[in-house]
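# Examining the three-dimensional arrangement
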Amino acid sequence: MDLTSRLLRLGAGRPHVLLVEAPGGTEPRLAVEREARTRGWPAAGSPADADLVVIAGRVTDDLAAPADRLGRQAPRPRVRLAAPDASSTGRLLEEAAARLAAGGDLEDDAPASAPPESHSSHSPTPPGDHAGHGDMEMDMPGGVPMADRGEDRDGLLLDQLHVPLGPLLPDWPAGLVVQTTLQGDVIQDARVEVVGGPASSFWDEPWRRLASGDPVTVGAASRRRIAGHLDSLARLLTVAGWADAATRARQLRDELLAGAPAAELGPRLWRLTRRVRRSRTLRWLTDDLGAVPADTSVVRAWGDVTARWSGWLAAAEQLLPDIDRSDRLPLGDAPRDPPAELVAMLPGLLTGTELATARLVVASLDPDLAELGTPAEVPGG
Amino acid sequence: MVEAAPWLVLVLPAMLAVATIGVVTFDAALAARAAGRPESLAVSASVPFREAARLLVGQRRTTLAADGVLWRAGVITLPVAALSAALVLPLGTASVADLAVGVVWFNAMEILAWAAVWLAGWGPNSAFSLVGGYRFVAQGLAYELPHMFALITAATAAGTLRIGGIVEAQADLWFVVWMPVAFVVYLLSAAAMAFWGPFDAPVGRELAGGAAAELSGVDRLLFLGGRRLLLVVAAAMAVPLFLGGGGGPLLPAWLWTLLKTAAVLAAVVWLGRRFPTVRMERFMEVAWMVLIPLTILQALVVSLVVLVR
């Protein structure tokens, strides 16, 4: 056994997993997150850091090109995985790690000769496999046009970059694309698109069953609702750079969905909510961000980012005593408001923010686009 | 008494490498505990080797229209800066070079990190990398002045810029006792200069890894390894500056140095996981309105004590 294969095997024992979600892929995403966490495999934040590229959910036609690009941007050895549903996720990951130890997948080794779709944009995960080909004219290094210029908020003439955020970005609402115009790290203009739908929302499943006439217990509905809030919280905490608290939230979310009783979960949920609520640093970092006036019809968007995550904590605590109830959910109990209005308010909230703030605002609204009907260009951009 | 021992240059890189491996191991153990999956020391200790292995065999990526020379220069500068700064680091009673201007040398070398991160962010022609570079420069503007005031406070109390002299001046009383503000600010700025949590915005996950967003393979190993090396060196320098260097009862001086360094490092790594990432748009105000006045006040008090004594 030569040195390279030894190193491959050693490295494949702890592969970094880049996990992105296509609309409707919540359930497989949760399964992959859980399996990776129990194995101690870290989450990658970009293709450059990834050994396994996993796309949870069904890749629709409009997601095929970004999904392919994402896989190609990971350095070799790499393994690309599709997890269309939540079945046998653990085996899928084990097999992927074994393939990685053997040198990764080779079937995608055809050179990516076609230039990336939009040359003018520095995509959030820029082309990795394109070694600087193309004509080297002075104004088009590598075939990329130079950045435009425009006045920034202080009236200075600065370069403008057109950077899309999403659709396949970790810790980002599935199917959401925000086309930004950046000057420095400030978003001067934001346009919102929705791709990859329609799908049915995992978080609204109990209410869909209820509507179709199946009996649903109050306990099952409460579990799903709290788990949804914890998932949003975990995503926000990850974006805020607080990995340990985010991991705790994910762990509680998974145990809740697996059916752990309230007596066992209660103290731990309470510890988490207390820890997050008492973090002055988190409040200091999220106060006054993305403020939505309280006259908006979408109640869950009211207030700033702090108000929104505080709302999740309060709702989770309030619903917790219900999770073991076995009585029927009354007909007419409605799921959350559809997210169309959340998405429509995004451009206004994101314009003028710095990138990190923008990610926090999006995470705090956490629109579940699977709740939305058909994909469409959202007006108001 | 700190003596120059040029032979240490053979041992120093190995010791720093061991400390860096220790940092990765400790961090991995903390992450495992947070995930409710306490793992054995052997598993945690395998993490740095697994990470290094996957990066050694990993493909080095290139990006479209990258500025290759500046990009690689930035990547290699980070570990080089950390190693250069370590030349004046005393191990017990010996350091590679006990320069007359040791504090200035250390400060100059660590500031190379600014160039390193900026170039590494600029090079790959990627928006997220570039923003990571911006963020580090902004972070530098926030932490560097309080950091320099903290350094100068220790040098003022000792009346010398020589690291050995600063250690000798603490023979009776460690500086941390009568300049606690400078010590705390120094530790904050040590984490900030190594863009370690909670000051990790330049390589933030929400920015797809920021300045490291496009790095893979050996480049990533050098950059992220260099970052941990810088953290080790910056934390280790807190020992001669504020914690009496190798001073302590019973044990030999070199062992005291190692023990104190390990304690400081463990504290910095542990604290780094306790808080969410601090954004400079919020921290800048604290740095300039609170930390700079506090460190100036601390320097003033120390200067008065030196004058009166």
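Just so we're clear, the structure is a prediction, and the values are computed from it rather than from any experiment.

### Notes on the nonpolar core
- One finds Tyr186, Phe223 and Phe242 of chain B to be the most contacted residues of the largest nonpolar core, which totals 81 residues.
- Looking at this core, the element that brings in the most residues is helix 9 (residues 217-242) of chain B, giving 15 residues.
- In contact with phenylalanine 242 of chain B, not counting residues within four places along its chain, are Ala150, Ala154, Gln170, Trp174, Phe175, Val176, Met179, Ala182, Phe183 and Tyr186 of chain B.
- Counting 67 residues, the second-largest nonpolar core is a separate cluster that includes Ala190, Leu237, Ala316 and Met345 of chain A.

### Here's the deal with helix 10 (residues 253-272) of chain B
Residue and element names in this part refer to chain B.
- Over its 20 residues, helix 10 runs 29 Å from end to end, which matches the ideal 28 Å to within 8%, given 1.5 Å per residue.
- Along helix 10, the positions that sit buried rather than exposed are Thr257, Lys260, Thr261, Val264, Leu265, Val268, Val269 and Gly272. The arc that holds every buried residue of helix 10, seen down its axis, measures 165°, which confines them to one face.
- In this structure, the buried side of helix 10 is in contact with helix 1 (8-34), helix 8 (180-193) and helix 9.

### Some words on the interface of chain B and chain A
- Taken together, the contact pairs 48 residues of chain B with 70 residues of chain A.
- Of the roughly 5,000 Å² buried between chain B and chain A on both sides combined, carbon and sulfur atoms contribute 56%.
- Along the contact surface separating chain B from chain A lie seven salt bridges.
- Among the ionic pairs, aspartate 171 of chain A bridges to arginine 205 of chain B, the shortest N-O distance being 2.8 Å.
- Applying the counting criterion to the chain B and chain A interface returns 26 residue pairs in polar contact (both at pLDDT 80 or more).
- Mapped by element, the contributors of at least two residues to the side of chain B that touches chain A are helix 1, helix 2 (41-57), helix 5 (127-158) and helix 11 (280-308) of chain B.

### Overview of the packing of helix 9 of chain B against helix 10 of chain B
Residue and element names in this part refer to chain B.
- Between helix 9 and helix 10, whose axes approach to 8 Å, the crossing angle comes to 125°. It follows from the interaxial angle that helix 9 and helix 10 lie oblique. In terms of crossing hand, the pair formed by helix 9 and helix 10 is right-handed. The segment helix 9 lies against helix 10, with Leu231, Val232, Ala235, Ala236, Ala238 and Val239 engaging Thr257, Lys260, Thr261, Val264, Leu265, Val268 and Val269.
- Taken together, the residues of the contact of helix 9 with helix 10 sort by class into ten nonpolar, two polar and one charged.

### Re the packing of helix 10 (residues 305-319) of chain A against helix 12 (residues 355-365) of chain A
Residues and elements named next belong to chain A.
- One way to put it is that helix 10 packs onto helix 12 with a least axis distance of 9 Å and a crossing angle of 35°. Considering the relative orientation of helix 10 and helix 12, their crossing is left-handed. Seen from helix 10, the contacting residues are Val305, Arg308 and Trp312; seen from helix 12, they are Leu360, Val361, Ala363, Ser364 and Leu365.
- Here the residues of the contact of helix 10 with helix 12 are counted per class, giving six nonpolar, one polar and one charged.

### Focus: the confidence of the model for chain A
- Of the residues in chain A, 85% reach a pLDDT of 70 or more, and the chain-wide mean stands at 85.
- Every residue in residues 110-138 of chain A scores below 50 in pLDDT, and together they form 58 contacts with partners more than four places removed in sequence or on other chains.

### Points about the pattern of salt bridges
- In total, this model carries 42 salt bridges over all chains according to the counting rule given.
- Note that glutamate 35 of chain A is salt-bridged to arginine 39 of chain A, the shortest N-O span being 2.7 Å. In this pair, glutamate 35 of chain A and arginine 39 of chain A are both assigned in helix 2 (residues 26-39), four residues apart and thus about one turn of the helix distant.
- Here arginine 99 of chain A ties to aspartate 105 of chain A by a salt bridge, and the two come within 3.0 Å at their closest N and O atoms.
- A residue is classified by how much of its surface remains accessible, and aspartate 105 of chain A, at 9% relative accessible area, is buried.
- Within this structure, Glu21, Arg29, Glu33, Arg37, Asp171, Asp231, Arg235, Arg250, Arg253, Asp254 and Asp366 of chain A together with Arg205 of chain B form a network of salt bridges that share partners.

### Some words on the sheet that holds strand 4 (residues 148-151) of chain A
Residues and elements named next belong to chain A.
- Read from one edge of the open sheet, four strands run 4-5-6-7, paired in antiparallel fashion. Two strands close off the open sheet at either side, each with one partner strand: strand 4 and strand 7 (186-194). Across the sheet, the mean angle from the axis of one strand to that of its neighbour is 35°, orientation sign disregarded.
- Pairing of strand 6 (residues 176-183) with strand 7, which is carried by eight bridges, proceeds in the antiparallel orientation. Bridging across to strand 7, leucine 182 finds its partner in isoleucine 187.

### Notes on the environment of valine 75 of chain B
Residues and elements named next belong to chain B.
- Turning to its location among the elements, valine 75 is positioned in helix 3 (residues 68-85).
- The exposure class of valine 75 is buried, given its relative accessible area of 1%.
- Valine 75 sits 140 residues away from leucine 215 along the chain, and the two C-alpha atoms are 9.0 Å apart.
- Valine 75 has contacts with Ala120, Leu215, Asp219, Leu222 and Phe223, leaving out every residue within four places of it along the chain.

### Examining the environment of arginine 50 of chain B
- Note on placement: arginine 50 of chain B falls in helix 2.
- Given the relative accessible area of 23%, arginine 50 of chain B is considered partly exposed.
- Once residues lying within four places of it in the same chain are set aside, the contact partners of arginine 50 of chain B are Arg9, Leu10, Gly11, Gly13 and Arg14 of chain A.

Thresholds, definitions, all that
- Residues numbered from 1 in each chain as written.
- Chains lettered and ligands numbered in written order.
- Predicted model: local features only at pLDDT ≥ 70, side-chain atom pairs only at ≥ 80, totals over all residues.
- Heavy atoms only, no water.
- Core = buried A, V, L, I, M, F, W, Y, C linked by side-chain atoms within 4.5 Å.
- Buried < 20%, exposed > 50% of the residue type's maximum accessible area, 1.4 Å probe, protein only.
- Helix = DSSP H or I, 4+ residues; strand = E, 2+ residues; numbered from the N terminus.
- Contact = heavy atoms within 4.5 Å.
- Expected span 1.5 Å × (residues − 1).
- Arc of directions from axis to C-beta.
- Buried area = accessible area lost by both parts, 1.4 Å probe.
- Salt bridge = Lys/Arg side-chain N within 4 Å of Asp/Glu carboxyl O.
- Polar contact = N/O pair within 3.5 Å; in protein donor to acceptor, adjacent residues only side chain to side chain.
- Axes fitted to C-alpha atoms, helices over the stretch in contact; angles between N-to-C directions.
- Parallel < 35°, antiparallel > 145°, perpendicular 65-115°, else oblique.
- Left-handed = near helix turned anticlockwise from the far one by under 90°.
- Nonpolar A, V, L, I, M, F, W, Y, C, P; charged D, E, K, R; others polar.
- pLDDT = per-residue confidence, 0-100.
- Pairing = 2+ DSSP bridges.

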